[in-house]
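# Structure at a glance
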Protein chains: 2
Amino acid sequence: MPQPKYVYFFGGGESDGNATMRTLLGGKGANLAEMSNLGVPVPPGFTISTEVCKLYYENNKQYPAGLDEQIDENLEKLEAALGAKFGDTENPLLLSVRSGAAVSMPGMMDTILNLGLNDNAAKGLIARSGNERFAYDSYRRFVQMFGNVVLDVDHDEFEHLLEEKKKAKGVELDTELEADDLAVLVDEFKRAVKQHTGSDFPDDPRQQLDMARDAVFESSGNPRAITYRRLNDISEEMGRTAVNVQAMVFGNMGRTSGSGVAFTRNPSTGANQFYGEFLINAQGEDVVAGIRTPLPVSELRNILPDAYTELVDIGLKLEKHYRDMQDVEFTIQDGTLFMLQTRNGKRTGQAAVRIAVEMVEEGLIDKPTALTRVPANDLDQLLHPSVDPDAKVEVIAQGLPASPGAAVGKVVFTALHAEELAAAGEKVILVRTETSPEDIGGMDAAEGILTARGGMTSHAAVVARGMGKCCVAGCSALFINEDASEFYAEGKRYAEGDFITLNGSTGDVLNGQVALIQPELSGQFGTLMEWADEARSLDVRTNADTPEDAKNARQFGAEGIGLCRTEHMFFGTGIDAVREMILADETPEREAALAKLLPHQRSDFIGIFEAMAGYPVTIRTLDPPLHEFLPKNEAEIHELSERIGVDARKLSERIEELHEFNPMLGHRGCRLGIVYPEITEMQARAIFEAAVDVAKRGITVLPEIMIPLVGHINEFSLQRKVVIDTAEAVFKETGTRVEYLVGTMIELPRAALTADKIAAEAEFFSYGTNDLTQTTFGMSRDDAAKFLDDYVKNGVLEYDPFQILDQEGVGSLLQIGSEKGRSVRPDLKVGICGEHGGEPSSVKFCYGLGFNYVSCSPFRVPIARLAAAQAVIEAED
Amino acid sequence: MPQPKYVYFFGGGESDGNATMRTLLGGKGANLAEMSNLGVPVPPGFTISTEVCKLYYENNKQYPAGLDEQIDENLEKLEAALGAKFGDTENPLLLSVRSGAAVSMPGMMDTILNLGLNDNAAKGLIARSGNERFAYDSYRRFVQMFGNVVLDVDHDEFEHLLEEKKKAKGVELDTELEADDLAVLVDEFKRAVKQHTGSDFPDDPRQQLDMARDAVFESSGNPRAITYRRLNDISEEMGRTAVNVQAMVFGNMGRTSGSGVAFTRNPSTGANQFYGEFLINAQGEDVVAGIRTPLPVSELRNILPDAYTELVDIGLKLEKHYRDMQDVEFTIQDGTLFMLQTRNGKRTGQAAVRIAVEMVEEGLIDKPTALTRVPANDLDQLLHPSVDPDAKVEVIAQGLPASPGAAVGKVVFTALHAEELAAAGEKVILVRTETSPEDIGGMDAAEGILTARGGMTSHAAVVARGMGKCCVAGCSALFINEDASEFYAEGKRYAEGDFITLNGSTGDVLNGQVALIQPELSGQFGTLMEWADEARSLDVRTNADTPEDAKNARQFGAEGIGLCRTEHMFFGTGIDAVREMILADETPEREAALAKLLPHQRSDFIGIFEAMAGYPVTIRTLDPPLHEFLPKNEAEIHELSERIGVDARKLSERIEELHEFNPMLGHRGCRLGIVYPEITEMQARAIFEAAVDVAKRGITVLPEIMIPLVGHINEFSLQRKVVIDTAEAVFKETGTRVEYLVGTMIELPRAALTADKIAAEAEFFSYGTNDLTQTTFGMSRDDAAKFLDDYVKNGVLEYDPFQILDQEGVGSLLQIGSEKGRSVRPDLKVGICGEHGGEPSSVKFCYGLGFNYVSCSPFRVPIARLAAAQAVIEAED
């Protein structure tokens, strides 16, 4: 019976494996085999397959029969290929040992370099390199690495001995130690190992190799790796590791040696030029460490022209082979080029778009491939300024990433001051405990907004996102003293005029003026978006509350409005009429106040319908609890009392009366419209009067009226009746009729669970996944920040469910709701209008559930368009 | 082809129908037929079946062919039986017309009496009764009733004319009008009808009958009836009405006539004695109206001995026939007894228990029937004082029914004062804005507790329920001024020392001292409970936080604890140590504070384990947000600062830091234990040290540790590990091992939706339906009071889902969770520990889902035991 094959050789232009054998050889092993097959010079070696890992765990950590023989055979082949021998005093075989599963995982074993060294081999290395210090430093490093990683001796043990040695020699840097010192350290390290393990450090290279192999397989069973696989739904099979054993090559063997990294195209701009850096007489880690300054890779042309030409040729060959921009690591040993690794290169959003589009033009890839090559979220970098990833930053506090982008400016504490300084040409950051409608002018004038209180749906966050302006909200670590024009963060004081930088995409508040990268919309961006629109089937709408937002969103390609929050209009010029309405004791008084609001709402709707001509506009009736519209402190109460002529005591009493312990679960949404149907009626009237007005001018209007926070069909029925009755009244009065839909926001678990009942009357569902996430998890977005951070860091949750849709929990309600809804109304229109509507994985999930559309803030529309296209392409794969 | 039968005769000892034909004849019609079959003297008549109602609506409001003929035939039969004729001047046939479906519904047509009257028949009535005033008063009432109910003339029209007449005559009471006045009124009423309807009042008795029949059928299609049927899930079929046409009999025809109502047993006590009251020379409505004082029915023996003997005999016969206590209406006309109605009599909880048990002893019914005869909720009346239903009350405000029962006492505003007055022998009601742990002594001393703020799970509510003490909470209509020792309700002032009465079962606050009925536990109660325990399969546990509660609940028959809230212990003597823990900056400080708490918790657990010897005890780890333990105002902060030696500013800052917008959705439940595992560890240690201590003394302990507010399996895993590690440590230290379970509370939608994941590690689920209702509906119990009232009153919701489990929405999560949980762990123990665990319909729902147990507050344990028995019996039917 022929023995199963466990070990796969690579190198010298022939390999047992190739790139398709990722599951069996791991990503690294398959890639090394592939490169070797392509004739790329790779230091030869062999891969012990993941099958061995499987058998090892299945058979109580016993290896299959024949493995040892196969390793021996491959070692012989390797020795033959290199003319080297294990432990040889002339040309010793030295190896690297690395783990490598089909997918990369944290917690796996670190690399071991220079395996094969012992006292004899060290002599051989001196003989070969002519560099005694280099040989003993390699030996010292090997003992340390092996001792730590394989034999589990604490890293500090070795560092301590190294420190002692430097102290004894009176030097400060490792590099100041000489060959003799290092040779002594090797002995000291070995003694330390014996002391901790009770055994001698293994001198036999074959034994070293076996032990390293064991350590690799053991590491794939450690708790951290297991947890990671569970959290990321990585199957047992994909989580098994292979062991890659590869001949060492040295870039630090003199002036004709060197190491470097290179990209086949510019990873910042995407320009089609070979790009990278290298160091002569250095190992790979030196290039990264930054002690010496590397040279641009183009300089290599002058120093080692043959190696350079070969490198560029290989780069192009690999790019063509993998049909993607490559990030390669190389080492030149004595003038001979070796490729150590190739992988698809990381790139900025800008570069990703350019490379993807240009590769289609060059015929390298097709359009669907191009669309999957740009991570949808990376488009953000093309739409907002971002913090330069190379900049050194000092994080002084962290808040919620309430509105993406980045901003630099001087701290100001009042909206008025922000407007004054901005008028004088200064860039400012408005810092407030929380913002209110009175601050709009200052928010508009500022580069960015920072608040100490309030969550992702606070006034500051919502307004900033609408403006496309960077905002960090709910930064509770700030102690803001507005009277003294100062704030404290971690005990340090920041005064008006001090510079800070906000990163609205991460929530970081940074000290001083940090370099930003400005966004740039290239022609390639437009091309990619066109391709995305051709590919996708999901409509992309926007969340927009004003005519300005609507126009802006149209430019980003929004195909209608998925959520127009009418309360936003309430916060505007009509705020005092809103307050009169809230303070009214009886229905007639309330109606009188509402009558004052009607023209404001109507004119806003007219503007929105015009901007969205021909596209549907989903308008949500009043949602927030009424107390949000009332003043918060004594001074504001007093001022309002004088302005609208309502007794201050009455005002205070009403505020007290409206106080809620848990406003998120209080008297809001359709519960307002049910207790005060006149509010819904006024809003419906404003909508239909506006619709008729616009329709009469020949513009197509498609209003979709959305009732919020419905939990029971009876709630929807009552509100729907008010809307329909009002529509009929307006049509009768004006003699004009427009088509419209009445539907509901599904944002409570009960609504999803009883969706069959609700869909009997509702013509569309729009999932409000912000609120639905809050109730499904029982977590308030505003309050959860305090522990969610801790949760995500410790892996309790894989990600913040307010940013990425929780497909397992919240997602199951989306599925239950859509299925139940469509069971009674097969043509039910279903969409999503929570923040997740612009988050790529959530967009793809919605596509999978057969939704009709997603809706997101204007600046995320391009991201959603791309993600929607990717969803189709990925589903076809 | 024989015509289908539409009309069913009854009377004279023979009937076309019987009691089983409820669907066809309606409840009333079937019962009249049944009585007649039994030989009970019933005024004869006939029933037009519900089938006609069906055909009427199906055929565009046309009656089926042959109906008229069948009515004519039955009228003739009726005239023959009575020797009377429609419109006769000697002995006119007069009829009553009533609706009657299989189930009773509001909004159906009112009764029409004296139908058949016109000017001729009025003369006949005078001839027969010899009483002109009686005849014209009957005529006037008929025109009024018919005009209003059938012809839709506003009631006020007639009342206005009546008032005018009285004014003109200078009298005040209707009864002061004479025959002539009434005859004129008849004409005026008829003119009013003509004016409003354009047609003459119908004088033809046959036409009157047809019109009344039409009105009955029309009323079953009115919107109120339709809504009621939809809300109560009454099928189309069961909602159809029949029309009952019956000969009038008159109890007001002289000294040998009379009317009365009687019960076959005492409806207050259940004693087996004929009971009731009557009036000589009066109609039924006079008995109810209370203008004359009725006599006890036993007096009838002396006045009309034959009629009395017959009445008692009939009563016994009906009781035996229906095998239940009967409530009968009777009329004696000229010495002849007529039974107008019999139905199962309403009774108090006390009476229900006694009647049920005695009827089994008498061999009338079997035990399962006896168990279904007592509405489980009515047991409350045997356990708590209740407001006398006959008492006249003045409701001054309404709050939440936070703890059942009733209490009378003098208003006091401080706990201290409550204790002082109670010590002096006064009964007091403690009135507070909200209560805090410091008030415990005063709450214990008071008869009842009234708070202006806080919901069903507020401190006051939870403590009161545990004490079995009446409490009305969250009564937001009160303005309490504790400094001035007064409160205002609807503008009226109540001062310290004023008497008020609380109804904790309804939430009513009543003025003055209202009569209460004291509870009484009879031997029959014990017997019924024994039968219930034999019948049921669901275990009944209790929610108890202290050894005292636990002992109390054992006496009520609790079979273990389903929820022990450990924070309750935190609120007790250890409160300052809790605060030190919260204020600690670092883990060691926190651990030091926790070490102080450990002995408190341990001794509480020892007491609880002892009280529940042999029964399982489910202990929930810390649940409420930490800020609940900190002082709320400046004075308290200052006082605490001095007592525990922590800087007041630091205290304020920490309170500010812990502030949450929506504490219900905040940092609570297992989220505390995950961020501060040392808290869970201390609690687990206290539990296991106590368990070992008790077990060593030979007492069986069965601790079940419950992790609250789990939404994701990872949360549970982490907390479970802390519990298990601690258990093992304690077992090792003490050398004793006890069996225990670790499970979780399912109180978030996400937990139910991912129950298969969670059950992989959790050994039991306990549904926390309070929180689950909050999140499923997105309604905070504390805040919803403001609109839930409105919702229930207007039929948006059928009932308050915090009192009665919402089976459609929340219930579907119970089902999903149990099914998913048991799909991976078939022996998963499942229970419920929300307030619904003691609510009968919810208990039955849990039985239907195959739960293992329900858990409720001690005083509801008997209710749950009975409901659990009823669930089994009803499922077998």
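One can find the structure itself at the top, above this paragraph.
Residues numbered from 1 in each chain as written. Chains lettered and ligands numbered in written order. Predicted model: local features only at pLDDT ≥ 70, side-chain atom pairs only at ≥ 80, totals over all residues. Heavy atoms only, no water.

Moving on, we come to the overall build of chain A. A count of helices and strands for chain A gives 36 helices and 32 strands. Dimensions along the principal axes, computed over C-alpha positions, put chain A at roughly 100 × 65 × 55 Å. Buried residues in chain A amount to 58% of all 877 residues. Intrachain contacts of chain A at a sequence separation of at least 6 include 68% that bridge at least 24 residues. When the accessible area of chain A is evaluated, it comes to approximately 34,500 Å², of which 47% is carbon and sulfur surface. One finds the centroid of the 84 positive side-chain charges in chain A at a distance of 3 Å from the centroid of its 136 negative side-chain charges. (Helix = DSSP H or I, 4+ residues; strand = E, 2+ residues; numbered from the N terminus. Buried < 20%, exposed > 50% of the residue type's maximum accessible area, 1.4 Å probe, protein only. Contact = heavy atoms within 4.5 Å. Areas by Shrake-Rupley, 256 points an atom, 1.4 Å probe, with all protein chains shown as cover. Lys, Arg positive; Asp, Glu negative; His and termini not counted. Charge placed at Lys NZ, Arg CZ, Asp CG, Glu CD.)

Moving on, we get to the interface of chain A and chain B. On the chain B side, the residues contacting the 52 residues of chain A number 53 residues. With both sides pooled, the region where chain A packs onto chain B buries about 4,700 Å², and carbon together with sulfur makes up 56% of that total. Considering only the side of chain A, the residues that lose the most area to chain B are F661, L665 and R750 of chain A, jointly responsible for 15% of the buried surface there. The salt bridge partner of E808 of chain B is R750 of chain A, with a shortest N-O separation of 3.2 Å. Contributions of two or more residues to the side of chain A that touches chain B are made by helix 9 (223–231), helix 26 (648–658), helix 27 (670–675), helix 29 (713–734), helix 30 (749–753), helix 32 (769–777), helix 33 (781–793) and helix 34 (810–824) of chain A. (Buried area = accessible area lost by both parts, 1.4 Å probe. Salt bridge = Lys/Arg side-chain N within 4 Å of Asp/Glu carboxyl O.)

With that out of the way, let us pick up the relation of the copies chain A and chain B. The operation relating chain A to chain B is a screw motion whose rotation component is 179°, with 0.1 Å of axial translation and a residual RMSD of 0.3 Å. Both copies are brought into coincidence by an operation consistent with a two-fold rotation axis. Measuring from the rotation axis to each C-alpha of chain A, the shortest distance belongs to N662 of chain A, at 2.0 Å. A shared binding surface is used by both copies, with 100% of the interface residues of chain A retained as interface residues in chain B. (Least-squares fit on C-alpha atoms with pLDDT ≥ 70 in both.)

Pairing between side chains of opposite charge can happen when the charged atoms of each approach one another. Scanning the model with the defined rule gives 124 salt bridges over all chains in all. As a salt-bridge pair, R213 of chain B and D210 of chain B come within 3.8 Å of each other at their nearest N and O atoms. Residue R213 of chain B and its partner D210 of chain B are both found in helix 8 (residues 205–219); the two are separated by three residues, about one turn of the helix. Comparing R213 of chain B with D210 of chain B shows no difference in burial state: the two are buried. One salt bridge connects R620 of chain B with E567 of chain B, and the closest N-O pair in it is separated by 2.7 Å. With R620 of chain B in strand 27 (residues 616–620) and E567 of chain B in helix 22 (residues 567–570), the pair connects residues that are 53 residues apart, well separated along the chain. One connected set of salt bridges, linked through shared partners, spans D68, D72, R206, D210, R213 and D214 of chain A.

Residue and element names in this part refer to chain B. Mapped onto the elements, N633 comes out in the loop between strand 27 and helix 25 (634–644). N633 sits in the partly exposed class, given a relative accessible area of 37%. Sequence spacing of N633 and S652 is 19 residues, and the spatial spacing of their C-alpha atoms is 9.4 Å. Reaching out from N633, the side chain makes a polar contact with the backbone nitrogen of E636 at a distance of 2.9 Å. (Polar contact = N/O pair within 3.5 Å; in protein donor to acceptor, adjacent residues only side chain to side chain.)

A few words now on the packing of aromatic side chains. Scanning the model with the defined rule gives 39 aromatic pairs over all chains in all. Here F688 of chain A and Y740 of chain A contribute two aromatic rings whose centre-to-centre distance is 4.8 Å and whose plane-to-plane angle is 70°, an arrangement assigned as edge-to-face. In this pair, F688 of chain A is assigned in helix 28 (residues 677–696) and Y740 of chain A in the loop between helix 29 and strand 29 (741–746), connecting sequence segments 52 residues apart. F688 of chain A sits in the buried class, given a relative accessible area of 0%. Pairing F142 of chain B with F201 of chain B gives two aromatic rings, centres 5.9 Å apart and planes at 85°, and the pair type is edge-to-face. Taken together, the positions of F142 of chain B in helix 5 (residues 132–149) and F201 of chain B in the loop between helix 7 (179–197) and helix 8 put the pair 59 residues apart, joining distant regions of the chain. One exposure class covers both F142 of chain B and F201 of chain B, and it is buried. Three or more aromatic residues link up through ring pairs in this structure, and these residues are Y56, Y57, Y63 and F217 of chain A. In this structure, R213 of chain A is placed above the aromatic ring of Y63 of chain A, and the distance from its NZ or CZ to the ring centre is 4.0 Å. Above the face of the Y8 of chain B ring, K5 of chain B is positioned so that its terminal group lies 5.1 Å from the ring centre. (Phe/Tyr/Trp six-rings, centres within 6.5 Å; stacked < 30°, edge-to-face > 60°. Lys NZ or Arg CZ within 6 Å of the ring centre and 35° of its normal.)

Time to look at the sheet that holds strand 18 (residues 470–473) of chain B. Residue and element names in this part refer to chain B. One open sheet accounts for eight strands, arranged 13-23-22-15-16-17-18-14; its pairing is mixed. Strands with a single pairing partner mark the edges of an open sheet, and in this sheet they are strand 13 (395–398) and strand 14 (400–403). Neighbouring strand axes in the sheet, compared pairwise and without regard to direction, differ in orientation by 30° on average. Pairing analysis gives three bridges linking strand 17 (residues 448–451) to strand 18, with the strands arranged parallel. Looking at strand 18, one finds that G448 is bridged to C470. (Pairing = 2+ DSSP bridges. Axes fitted to C-alpha atoms, helices over the stretch in contact; angles between N-to-C directions.)

These results come straight from atomic positions and should not be treated as a statement about function.
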